[in-house]
Amino acid sequence: EDYEPNLELVLTELSSHRIVGVHALSAPFARVNTAVMLRLEWRDVGGGAVAVGVGHCAVENEGTTDETGTESQDISFHGDPFLLTVYPGETVGETRQRMAGWLGVG
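The rules behind each value
Residues numbered from 1 in each chain as written. Predicted model: local features only at pLDDT ≥ 70, side-chain atom pairs only at ≥ 80, totals over all residues. Heavy atoms only, no water. Pairing = 2+ DSSP bridges. Helix = DSSP H or I, 4+ residues; strand = E, 2+ residues; numbered from the N terminus. Axes fitted to C-alpha atoms, helices over the stretch in contact; angles between N-to-C directions. Salt bridge = Lys/Arg side-chain N within 4 Å of Asp/Glu carboxyl O. Buried < 20%, exposed > 50% of the residue type's maximum accessible area, 1.4 Å probe, protein only. pLDDT = per-residue confidence, 0-100.

Student: Even after reading the chapter, I still don't get the sheet that holds strand β1 (residues 7–15), so can you show me in this structure?
Tutor: Either a parallel or an antiparallel arrangement is found when strands of a sheet pair, and the pairing is made through backbone hydrogen bonds. One open sheet accounts for three strands, arranged β2-β1-β3; its pairing is antiparallel. Each end of this open sheet is capped by a strand with a single partner; those strands are β2 (18–24) and β3 (37–44). The mean inter-strand angle of the sheet, taken between neighbouring strand axes irrespective of direction, is 35°. When β1 meets β3, the two strands line up antiparallel, connected through eight bridges. The residue bridging E13 from the neighbouring strand is L38, located in β3.

Student: How do you make sense of the pattern of salt bridges when you look at a structure like this?
Tutor: Any two side chains of opposite charge can pair, on the condition that their charged atoms come close. In total, this model carries three salt bridges according to the counting rule given. With a shortest N-O distance of 3.0 Å, E41 and R39 are connected by a salt bridge. Taking the relative accessible area as the measure of exposure, E41 reaches 9% and is therefore buried. Measuring nitrogen to oxygen at the nearest pair gives 2.9 Å for the salt bridge that ties R98 to E90.

Student: Which parts of the structure should I look at to understand the confidence of the model for the protein chain?
Tutor: Close reading of the predicted structure is inappropriate where its pLDDT is low. For the protein chain, the mean per-residue pLDDT works out to 88, and 96% of the residues sit at or above 70. Taking the mean pLDDT of every element in the protein chain, the minimum, 81, falls on strand β4 (residues 50–65) and the maximum, 95, on β1.

Below you can see the structure in the form of structure tokens.
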């Protein structure tokens with residue numbers, strides 16, 4: 001299927017290696033948190049596309065439980081998060097394959 005993306009430039013707010021806000025360029029600047037890192041990114045706003053934030057993290061102590069039986073994990077975020085467009089009907093596997101192609105990994 002030949003889909004033409006409808007791209008829009010947005011302003012993302014980044015803090016502690018996470019996306020904490022996304023603003024259309026028409027948004028009032030008073031709503032933007034200027035105390036965090038700001039970045040311009042493209043997102044697809046057409047055809048039911050959804051932009052999701054993707055971050056990089058390391059999970060430690062996976063599957064350990066505390067004295068109350070609650071499972072705990074230590075998650076540390078690193079790297080630069082980004083917006084990933086997910087399209088209607090796309091599976092997790094298809095999205096992963098598309099991302100792997102961009103990153104040049106299997």
